[in-house]
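What the coordinates show
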Amino acid sequence: ERDCQMLLNQLKEITGIQDSAFLHAALKAANGDLMEAVTFLTEEHAQEPAQDTAAAEPSAWEGSAVGKQLPQNITTALTPNNKDDLRAVDAFRPLESPKAQAAERDAEAHSAENKNRSKRKRCEVWGENPKHNDWRRVGDWPVGMKNIGNTCWFSAVIQSLFQLPEFRRLVLGYSLPQNVLESCRSRTGKRNIAFMQELQCLFALMLGTRRKFVDPSAALELLRDAFRSAEEQQQDVSEFTHKLLDWLEDAFQLAVNVKSPGDKSENPMVQLFYGTFLTEGVHEGNTFSKIETFGQYPLQVNGYRNLNECLEGAMVEGEMDEATASQSVKYGQERWFTKLPPVLTFELSRFEFNQSLGQPEKIHTKLEFPQTVYMDRYLYGSKELIQMKREEMKRLKEKMVVLQQKLESYMKYGSGPARFPLPDMLQYVLEFIATKPAVVVSSAQGSQTTLLQSQTEPHALDVLSQPNGILEKKDARTEDGAFFLANSSPQQKPSALLQPSGSPAETSERPAPHVVSEEELNLVRTCLQRWRNEIEQDVQDLKESIARIDLSIEQMYCDPLLQQVPYRLHAVLVHEGQANAGHYWAFIYDQPRKSWLKYNDISVTESSWEELERDSFGGSKNASAYCLMYISDKVSRFVAGTGDDCSEAGQFQKEVEALPPELRHYIQEDNWRLEQEAEEWEEEQSCKIPQMEPSPASESQDLSSESGPDQSSVCEQSVRSLSSEHAMIAKEQTAKAIANTADAYEKNGVEAALCEAFHEEYSRLYLLAKETPTPQNDARLQHVLIYFLQNNAPQQVVERTLLEQFADKNLSYDERSISIMKVARAKLREIGPDDVDMEEYKRWHEDYSLFRKVSVYLLTGLELYQNRKYQESLTYLVYAYQSNTKLLMKGTNRGVNESLIALYRRKCLLKLNEVAASLFVSREEARVAEGISILNELIIPCMHLMNNFEISKEDLDAIEVMRNRWCSYLGREDMDAKLQMKLGELLPRLLDCSTEVIVLKEPPKIRPNSPYDLCSRFAAVMESIHGASTVTVK
């Protein structure tokens, strides 16, 4: 019977069909063969029962006593050794299923690391060599976990468990008596003990390491080895995670001294994660009752808006009243939790099997969940009260249906296909009779006719302008979308709809009664107005009644008696991607810090409830929660209590000190190894020749070679190269300023000439800095001082910079220029360190140098993009964006237009993705290799750099488009197995934006000859982008 139930559970998970009788019949027809039953159920002619069905997602860890160990025949059926069965197995293998070949490659790559715990491989950060401090843990900040190949699920689960102090204490305190160790001779028993020892080492490092992230290879390899064995071939995240807790349970069972080996009541893993529920029901007229154990409780997502609705749907199936029991065709059951575990985990089933496509699909619908859930309404102890409330809820919903139907009869009135709100129809008749008729027949003079003057029309509408006789505006909040015209105050003008027509021609266009008497007019108007008022009152009463029932339903379970068993949200495990591939991470609440943290492989960052909602609720993008971990209020208070007296670091330190000597030594050894790696890295760096970017100043004679005493400090020497470079860039403008001082030089001498040139040039640049910039003209490119002035640089920095312009030796054109240069140099020597902060001076020139570099990269990238050289363009645009971000942190005028770079970076990336995808699907080996190369070297690094916390919606949408393009190739029949395998290797990198450190080669250096060249290029490119006329460069 148990084997049969396990087969039924497997069929439910694979096919998404929930009708047990239907599945049982299929299994019987297939003589117990699981795959044959799957084929039968998924064929086009198979008729699915008429009910809402959704496939249960494989649990992240499944605590149910049912379905833990598959019989040999099922294991064989699920083993993809038979080519005919391979497609069936792949069809329901969910998410990030590591392939056996990939697992073996990972094993070979990491074997030495796992066995010998050798040094970690150092990696490079974006565009530059890392500092060894980049590997170090900062203070008491939690550590990340290395992804060693499709193992982000392991990181998410382990981090969630590690942050439970009780679980951490159990793992770190695990030990077995010597006699138990000696008596344990089974392979599985030894494996479980080995796994516990590796997990202990991992947890010890997570407590006491100085590294920023730890390596879980050894513990993971044991899990992977189990799935490589012949009897355990099916591989998916559910099985891996289930196996993890299953092994922990078995390992602790060895340590529990019980008479009966099958008694797990004393097992601490069972006590922490497992609960029980009672199922009571009626089937074909017979009542039944049974108690079952659960670990992770599965919940359907489809058809529900929030967690409480999911739980209510899981607790009640069918009808359970007394009348039901007497009717054999009826079926119903209720579940009640009889014991809740301290750690309550819900599995959200976000995957279902699409029978028409023959593959699993992810459910992206939105599902909200609270930070605190009260479990009283689902407990057996609350059964009587909850059944009363469910009956009341049922009565209210039935009443709601009646009221809504009655309201709809008012708001969709009519007998034909077109229906209208009844109050509006009456109003239309009122408007019709109020329209100026051609003839009015007086009741006193039946044979006499007179024309109705336009001045009398407002009188005809007097009733409509009264407070009780007017129309209400359209109420957008009404459920039916009906509308009323709003009441007009006496000061307001009548609605245009009701105003008299301005001309006879206008009036004649509107339908009007041919002949109407005053008596008829008054009678009809009075009746219609009364009926309309009555109907409006009825509608208002109905809406108020519906609102009251809505409020009653909403507050039905807000009874204080049902808020005695709170569970606080501890962790949310998130999956991003499609059913075939994706990435996992976790949000975990940090009690000492009173904030949410995001654990994304090696990255641990501070987060917020708002970010958690955005990434976990689903509905807006491909990311959504698949597992919720709640902890009881008692556990929550204990967790909070551990951080009350001391910081988290202090708490961790206490736990480190309480560790067994061998674990403390293991931490010390790893920290010592980190210091050795740091020393080796520093030695390597000291042996490298620094690669400096050449500058025009270095190609010409350096001003410092002559100045000698001018160099007051090392800092000043380092500044001279940049400031000299900027002086040389502006030399043509400076030379022109000197040329304009010929009269002053002849009449008043060299100092007067310098003074005049200085002030004239300053005034010119000041006016340029005040001009309103246009898309085609960025004055900052023309001169360093325009950049300084627009960014409010200190006056001392501005004046020294301008003085250096006149001291530039490249101005040695004639006697006047040389004389002015010498005076300027003399004045520079008079400026001491107290007059100008040389550190600040250096920073301003570094910023301008970076600004010009960003501008050059941007222009080069745009020009290349326009020439359809997308590969070269993307590198320049990415570097322009990254460098520009540093500038914009100091002020909006420090850098260039960020949205412009982002727009063309995005366009370029989308174009390049199309190119790479087209090459990949060409199925020609050389073209496929080229497409993969573009993806690995450009697209993926660029996507990873874009995908940060502050990513824009446009960039996020673009990334989703690119990911979906590659995900759409999964399972395509026109792609052979080799191509699908390559796709499987690419997708984890494409979908996971945190597991690897990104290296993107810097583009070739480009240096314009003069600011005029740069400005001309800028104007030309911007003109083509904005479609504007050419701007003359000043």
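Residues numbered from 1 in each chain as written. Predicted model: local features only at pLDDT ≥ 70, side-chain atom pairs only at ≥ 80, totals over all residues. Heavy atoms only, no water.

1. Section: the overall build of the chain
Rule in force here: Put simply, DSSP marks the helices as runs of H or I at least four residues long and the strands as runs of E at least two long, and each gets a number from the N terminus on. Between buried and exposed lies partly exposed: a residue is buried under 20% and exposed over 50% of the maximum accessible area for its type, with that area taken using a 1.4 Å probe on protein chains only. Contacts between residues were defined by any pair of non-hydrogen atoms, one from each residue, lying within 4.5 Å. Accessible surface area values rest on a Shrake-Rupley calculation with a 1.4 Å probe, where residue burial reflects the displayed protein chains alone.
From N to C terminus, the chain includes 40 helices and 19 strands. Looking at the chain as a whole, 49% of its 1034 residues qualify as buried. Counted over contacts in the chain with a minimum sequence separation of 6, partners at least 24 positions apart contribute 73%. A total accessible area of about 50900 Å² is found for the chain, and carbon and sulfur atoms account for 51% of it.

2. With respect to the pairing of strand β16 (residues 582-590)
For clarity, the cut-off: A strand pair is defined by DSSP finding two or more bridges across the two strands.
Counting buried residues in β16 gives eight out of nine residues, a clear majority hidden from the surface. Taken together, the seven bridges between strand β15 (residues 566-577) and β16 define a ladder with antiparallel strand orientation. The partner of Gly577 across the bridge, within β16, is Gly582. Examined bridge by bridge, β16 and strand β17 (residues 595-600) share five bridges and lie antiparallel to one another. By the bridge assignment for β17, Tyr589 is matched with Trp596. Linking β16 back to β17 in an antiparallel pair, the connection comprises four residues, with Lys594 at a positive phi of about 55°.

3. Considerations on the UniProt feature "coiled-coil region" (unreviewed entry) in the chain
Here is the rule we go by: UniProt positions are given in the numbering used here, feature names are shortened, and annotations may be inferred rather than shown by experiment.
In the UniProt entry, the feature "coiled-coil region" (unreviewed entry) is given for residues 386-413. The distance from the first to the last C-alpha atom of residues 386-413 is 40 Å, and the span holds 93% helix and 0% strand.

4. As for a negative patch on the surface
Quick note on the threshold: Patches were defined on residues exceeding 30% relative accessible area and lacking a salt bridge, with like-charge contacts within 9 Å and nonpolar side-chain contacts (Val, Leu, Ile, Met, Phe, Trp, Tyr) within 5 Å. In what follows, salt bridge is the name for a side-chain nitrogen of Lys or Arg lying within 4 Å of a carboxyl oxygen of Asp or Glu. Charge assignment in this entry is limited to Lys and Arg as positive and Asp and Glu as negative, and neither His nor the chain termini are counted. The atoms used to mark charge sites are NZ of Lys, CZ of Arg, CG of Asp and CD of Glu.
On the surface, Asp743, Glu746, Glu756 and Glu760 cluster together to form a negatively charged patch. Contributions of two or more residues to the negative patch are made by α29 (742-748) and α30 (750-770). Looking at the element boundaries, Asp743 is found in helix α29.

5. Some remarks on the pattern of salt bridges
Counted according to the given criterion, the structure contains 39 salt bridges. Note that Arg210 and Glu675 form a salt bridge whose closest N and O atoms lie 3.7 Å from each other. One end of the pair, Arg210, is in the loop between α10 (187-208) and β2 (213-214); the other, Glu675, is in helix α24 (residues 661-687), with 465 residues separating them in the sequence. A salt bridge links Asp670 to Arg673; the shortest N-O distance between them is 3.3 Å. Remark: Arg673 and Asp670 occur in helix α24; sequence separation between them is three residues, near one turn of the helix.

6. Quick look at the nonpolar core
Our working definition: For our purposes a nonpolar core is just a set of buried Ala, Val, Leu, Ile, Met, Phe, Trp, Tyr and Cys residues, chained together by side-chain atoms within 4.5 Å.
Grouped together as the largest cluster of nonpolar side chains are 97 residues, with contacts concentrated most on Phe788, Phe806, Phe920 and Trp966. Phe162, Met269, Met629 and Leu663 belong to the second largest nonpolar core, which has 66 residues in total.

7. Focus: the confidence of the model for the chain
If pLDDT is low for a region, its predicted coordinates should not be looked at in detail. What counts is decided by this rule: One confidence number per residue, pLDDT, is output by the predictor and ranges from 0 to 100.
Looking at the chain, pLDDT values average 74 and 70% of them are 70 or higher. At the level of individual helices and strands, the chain shows its lowest average pLDDT in helix α26 (residues 704-707), which scores 34, and its highest in strand β11 (residues 372-374), which scores 94. Predicted confidence for residues 322-329 stays below pLDDT 50, and this span has eight contacts to residues more than four positions away or in other chains. In the model, residues 1028-1034 has pLDDT below 50 throughout and makes 15 contacts with residues more than four positions away in sequence or in other chains.

8. Notes on helix α34 (residues 838-866)
As a reminder, the rule being used: Multiply 1.5 Å by the residue count of a helix minus one, and that product is the helix's expected span. As used in this structure description, the phrase polar contact means that two N or O atoms lie within 3.5 Å; if the pair is within protein, one of them must be able to donate a hydrogen and the other to accept it, and residues adjacent in sequence are counted only when both atoms belong to side chains.
Helix length check: α34, at 29 residues, gives a terminal C-alpha distance of 42 Å against a target of 42 Å (1.5 Å per residue), a fit within 8%. Where α34 starts, the residue carrying a side-chain oxygen 3.1 Å from the main-chain nitrogen of Glu839 turns out to be Asp837. Downstream of α34 by a residue or two, Arg868 has a phi angle that is positive, lying close to 65°.

9. Re the packing of aromatic side chains
For clarity, the threshold we go by: When two rings of Phe, Tyr or Trp (its six-membered ring) have centres within 6.5 Å they constitute a pair, described as stacked for plane angles under 30 degrees, edge-to-face for angles over 60, and tilted for the intermediate range.
Taken as a whole and assessed by the stated rule, the structure comprises 30 aromatic pairs. Summarising the aromatic geometry, the rings of Phe277 and Phe294 are spaced 6.0 Å apart at their centres and angled 45° between planes, so their arrangement reads as tilted. Here Phe277 is found in strand β3 (residues 275-283), whereas its partner Phe294 is found in strand β4 (residues 286-294), with 17 residues between them in sequence. For Phe294, a relative accessible area of 2% corresponds to the buried category. When the centroid spacing of 5.4 Å and the interplanar angle of 65° are considered together, the rings of Tyr857 and Tyr876 count as edge-to-face. On the criterion of sequence distance, the pair formed by Tyr857 in helix α34 and Tyr876 in helix α35 (residues 870-888) is long-range, its members being 19 residues apart.

10. Re the packing of helix α36 (residues 898-921) against helix α38 (residues 953-967)
As a reminder, the rule being used: Note on geometry: axes are lines fitted to C-alpha atoms, helical ones only across the stretch in contact, with angles between N-to-C directions running from 0 to 180 degrees. To sort the angles, those under 35 degrees are grouped as roughly parallel, those over 145 as roughly antiparallel, those from 65 to 115 as roughly perpendicular, and the leftovers as oblique. Each residue is assigned to one class: nonpolar for Ala, Val, Leu, Ile, Met, Phe, Trp, Tyr, Cys and Pro, charged for Asp, Glu, Lys and Arg, and polar for all the others, Gly among them.
It is at 11 Å that the axes of α36 and α38 come closest, and there the two elements cross at 0°. Regarding the angle of α36 to α38, the classification is roughly parallel. Listed contacts from α38 to Ala902, Arg905, Arg906, Leu909, Leu910, Asn913, Glu914, Ala916, Ala917, Ser918 and Phe920 of α36 are Glu954, Asp955, Ala958, Val961, Met962, Arg965 and Trp966. Taken together, the residues of the contact of α36 with α38 sort by class into ten nonpolar, two polar and six charged.

11. Thoughts on the side chain of Thr741
On the secondary structure map, Thr741 appears in the loop between α28 (731-739) and α29. Apart from the residues lying within four places of it in its own chain, the contact partners of Thr741 are Ala753, Glu756, Ala757, Arg816 and Ile820.

12. Side note on the environment of Ala735
Along the chain, Ala735 falls in helix α28. Residue Ala735 is classed as buried on the basis of its relative accessible area of 18%. Along the primary structure Ala735 and Leu811 are separated by 76 residues, whereas in three dimensions their C-alpha atoms are 6.6 Å apart.

13. Topic: helix α14 (residues 307-315)
Residues of α14 that are buried include every one of Leu307, Cys310, Leu311, Glu312, Ala314 and Met315, and no others. The distance from a side-chain oxygen at the start of α14 to the backbone nitrogen of Asn308 is 3.2 Å, and the residue carrying that oxygen is Asn306.

14. Observations concerning a nonpolar patch on the surface
Together, Val429, Leu523 and Val524 give the surface a local cluster of nonpolar side chains, amounting to about 230 Å² of exposed area. Among the structural elements, Val429 can be located in helix α17 (residues 422-434).

15. Some remarks on unusual backbone geometry
At Asn792, a position not held by glycine, the phi torsion is positive, near 55°. With respect to the helices and strands, Asn792 occurs in the loop between α31 (784-790) and α32 (795-806). Positive phi is not limited to glycine here, since Arg868 has a value of about 65°. Topologically, Arg868 is positioned in the loop between α34 and α35. A residue is classified by how much of its surface remains accessible, and Arg868, at 68% relative accessible area, is exposed.

16. With respect to the environment of Gly618
On the secondary structure map, Gly618 appears in the loop between α21 (609-616) and β19 (623-632). Counting along the chain gives 251 residues from Gly618 to Leu367, while the straight-line C-alpha distance between them is 6.4 Å.

17. Description of the environment of Ile934
Here Ile934 is to be found in helix α37 (residues 925-946). For Ile934, a relative accessible area of 3% gives the class buried. A C-alpha to C-alpha distance of 6.2 Å links Ile934 and Ala916, two positions 18 residues apart in sequence. When neighbours within four sequence positions are excluded, Ile934 is seen to be in contact with Gln871, Leu912, Val915, Ala916, Leu919 and Ile939.

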